[in-house]
Amino acid sequence: MLKENDDNVDNVVNSVIKDKTKPWEKKIKIGELELIVPQKSLIKKGDKVLISNDGSSITCLYPNNEFTVLPKYQYNTNIKIGNHEIKVKAEEISTEFQLKGYNNLRKFHYLSERGFPREIILIASIEIFGSTFFIGYISLTIASLMNKARHNLLNNSYNNNNVKWDTWGAKTMKKYVNRICNISRLLIHPEFRGMGITKVLLSAGIEYCSKRWHVKGKKPIFLEITALMLKYNQFPLSANMIYIGTTQGNLKRIYSDLKYNIKKDLSSLPSGVSAMQSSYVTKFLQKCDNLNLDIHEGLEFYKDVNIVNYYGKLHYLYKGIVRVPKPVYMIGLDTYSQDYILNNSKSINFSLSNENNTKIQNFNISILLNLKNKDQEKLIIKEKQLIVIYGLSNSGKSIQLKNIEEQLKYTKEISILNFNKISFGDRPLIDEFKNPIHLVLQIFSTVGLLDPINFDKPYSQLSTGLKYRAKLAKLLLSNNNLILIDNFGFGLDPLSLFLITNKFQKIISQTGKTIILTITNHYLIKFIKPTQLIIKYPDYSSKIIKNNKFTIEKVLAQIRSQYFSLMR
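Residues numbered from 1 in each chain as written. Predicted model: local features only at pLDDT ≥ 70, side-chain atom pairs only at ≥ 80, totals over all residues. Heavy atoms only, no water.

**Some thoughts on the nonpolar core**
Phase 1: Phe444, Phe488 and Leu517 are the most contacted members of the largest nonpolar core, which totals 68 residues.
Phase 2: Once residues lying within four places of it in the same chain are set aside, the contact partners of phenylalanine 444 are Leu429, Ile430, Phe433, Leu449, Leu450, Phe455 and Ala473.
Phase 3: Ala124, Leu140, Leu186 and Ile188 belong to the second largest nonpolar core, which has 45 residues in total. (Core = buried A, V, L, I, M, F, W, Y, C linked by side-chain atoms within 4.5 Å. Buried < 20%, exposed > 50% of the residue type's maximum accessible area, 1.4 Å probe, protein only. Contact = heavy atoms within 4.5 Å.)

This is the structure in structure tokens:
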């Protein structure tokens, strides 16, 4: 056995063996010792290592730096949903179970997988309802050479820890680009979006980069992420990443590039540029062939490319050819580097736009509710409220909701949308919304639909949970200021119900709409946090409790007491 801190033993990795039947791990041999590590661990043949006596700890040694390989990396934290705290874990993949979870998650990503010479994947999981759910992953890779926003930021003098440049020119770029780690993928399972998992994965990625990522023993100084979806969901801000600009894209020149390159020998171009332009031409010709278009007909579609038609019916033609300018966010992995970004970037404050066709009209209306026999009580309805009608089955909840609708439907200040009557056609989901595309995508982000893999699907092909989210997007984008939902959550599995309920307060605060819904599941009251609660008792009487002056326990005790008195 090799000994820890034994200077007389040259602990060098003799070989790294990958078993195709176990793609989640690899075997390293050090002398006669064999140890198992996660397959993507940053350890290679020839590395000098320090090993504990029991083999549970491995550290790679480089001049001035050392990097832990075992124990494998793991990031643990809690997220709070309603009154519940849920443990979340992000870790390196090291078991068959985790690899299967990762492969299932990959199916939800709208881009095809790419191979990277150096990549670390951290997979996130939670324990809920007695089961383990894999809910997302983050992929860390080496940064690409070219990035316009990054070039503009780094084209300023930098001098820290023996890393120095005056301008970010070709030589500097080639020398130091490996000091930038890149988030190439960050995916959350569609049913788990809106829980704060993105922040967990970003935090895990930042910590991993700071402590374990390296290229030939050199630590990274920046971590960046570039993605089109960041235009509509600025989630990197939650982890203190800084917006530094956008990539250049090829929207304005793709037509002329294709037209020119189709007839030209591209071999004279630099190898990287040549491969990229050749790829565009090959894909374009293939798409024209699949759609029975001649070259001139196909080129016409590229004369005026913009975000609207990029996401619309022409998405197939543009995918893999058109590069839309993408936002870039970056964080420094030490104090100097973070201050460098802050000092050399012009941060932009993003906010969700309320740019609907008309502004939501404020209102404050009192209506009378018949509580029992001749008893009546005023229900005050105004903007930004969440009113819940709760009771057991057949207690009159739906009748009460219908009564409210009847009293309000002719009120000028009120415009009602019945959630249960929202319908969709057979067109791709993205085409069902007539609002400006940037607003639609912002709202999709709010409700957890911001996944292009679903944009081309008709409503009928979505899961039950995603159908609910699509309806939420419709009501968010409507001009109605009062939303009615009868029998909320019917048909949803407990997990989807749990996750969707968590979005209501965000929806109300962002839109100013008021929502009135009926529920049978008392547990939802904790997550919904209504501003007013109407309790329907088994004898069809009602009670209005305002300003959160209620507890679930007291509500249930009252209902049980009355129910048993009726049964006597």
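**Observations regarding helix α13 (residues 464-477)**
Phase 1: For α13, spanning 14 residues, the distance from its first C-alpha to its last is 20 Å, which sits close to the expected 20 Å at 1.5 Å a residue.
Phase 2: The element α13 is largely enclosed, with a buried count of eleven among its 14 residues.
Phase 3: Those residues of α13 not exposed but buried are Gly465, Leu466, Tyr468, Arg469, Ala470, Lys471, Leu472, Ala473, Leu475, Leu476 and Leu477. (Helix = DSSP H or I, 4+ residues; strand = E, 2+ residues; numbered from the N terminus. Expected span 1.5 Å × (residues − 1).)

**Quick look at the side chain of asparagine 261**
Phase 1: Within the secondary structure, asparagine 261 is located in helix α5 (residues 254-261).
Phase 2: The buried category is assigned to asparagine 261, whose relative accessible area is 7%.

**What to know about the packing of α13 against helix α14 (residues 494-501)**
Phase 1: It is the contact of α13 with α14, at a shortest axis distance of 10 Å, that shows an interaxial angle of 20 degrees. If you check the angle between α13 and α14, you find them roughly parallel. Taken as a pair, α13 and α14 cross one another with a handedness that is right-handed. The residues of α14 that touch α13, namely those facing Gly465, Tyr468, Arg469 and Leu472, are Ser496, Leu499 and Ile500. (Axes fitted to C-alpha atoms, helices over the stretch in contact; angles between N-to-C directions. Parallel < 35°, antiparallel > 145°, perpendicular 65-115°, else oblique. Left-handed = near helix turned anticlockwise from the far one by under 90°.)

**Things to note about the sheet that holds strand β2 (residues 25-30)**
Phase 1: Taken together, three strands build an open sheet; the order of strands is β1-β2-β3 and the sheet is antiparallel. Of all the strands in the sheet, the pair left with one neighbour each is β1 (15-18) and β3 (33-38). This sheet shows a mean twist of 30 degrees between the axes of neighbouring strands, independent of strand direction. (Pairing = 2+ DSSP bridges.)

**A few points about the pairing of strand β24 (residues 542-546)**
Phase 1: Of the strand pairs in this sheet, strand β23 (residues 532-536) and β24 are connected by five bridges, and their pairing is antiparallel. The residue of β24 that forms the bridge with isoleucine 535 is lysine 543.
Phase 2: Hairpin connection, β23 to β24: the antiparallel pair is bridged by five residues, and tyrosine 540 has positive phi, about 75 degrees.

**Concerning the sheet that holds strand β4 (residues 48-51)**
Phase 1: Spatially, β4-β5-β6 is the arrangement adopted by the three strands of the open sheet, whose pairing is antiparallel. A strand with exactly one partner marks an edge of an open sheet, and here the two such strands are β4 and β6 (65-70). Taken over all neighbouring pairs, the strand axes of this sheet differ in orientation by 30 degrees on average, direction set aside.
Phase 2: Summarising the sheet, β4 and strand β5 (residues 58-62) pair through four bridges and their orientation is antiparallel. Considered in β5, the bridge of valine 49 is made with cysteine 60.

**Topic: the confidence of the model for the protein chain**
Phase 1: Summarising the model, the protein chain shows a mean pLDDT of 83, and 85% of its residues fall at 70 or more.
Phase 2: The spread of mean pLDDT over the elements of the protein chain runs between helix α17 (residues 552-567), the lowest at 61, and strand β14 (residues 222-226), the highest at 97.
Phase 3: Ignoring residues within four places in sequence, the model shows residues 1-9, a span with pLDDT below 50, making 17 contacts including any to other chains.
Phase 4: Taken as a whole, residues 349-359 scores under 50 in pLDDT and shows 22 contacts with residues more than four places along the chain or in a different chain. (pLDDT = per-residue confidence, 0-100.)

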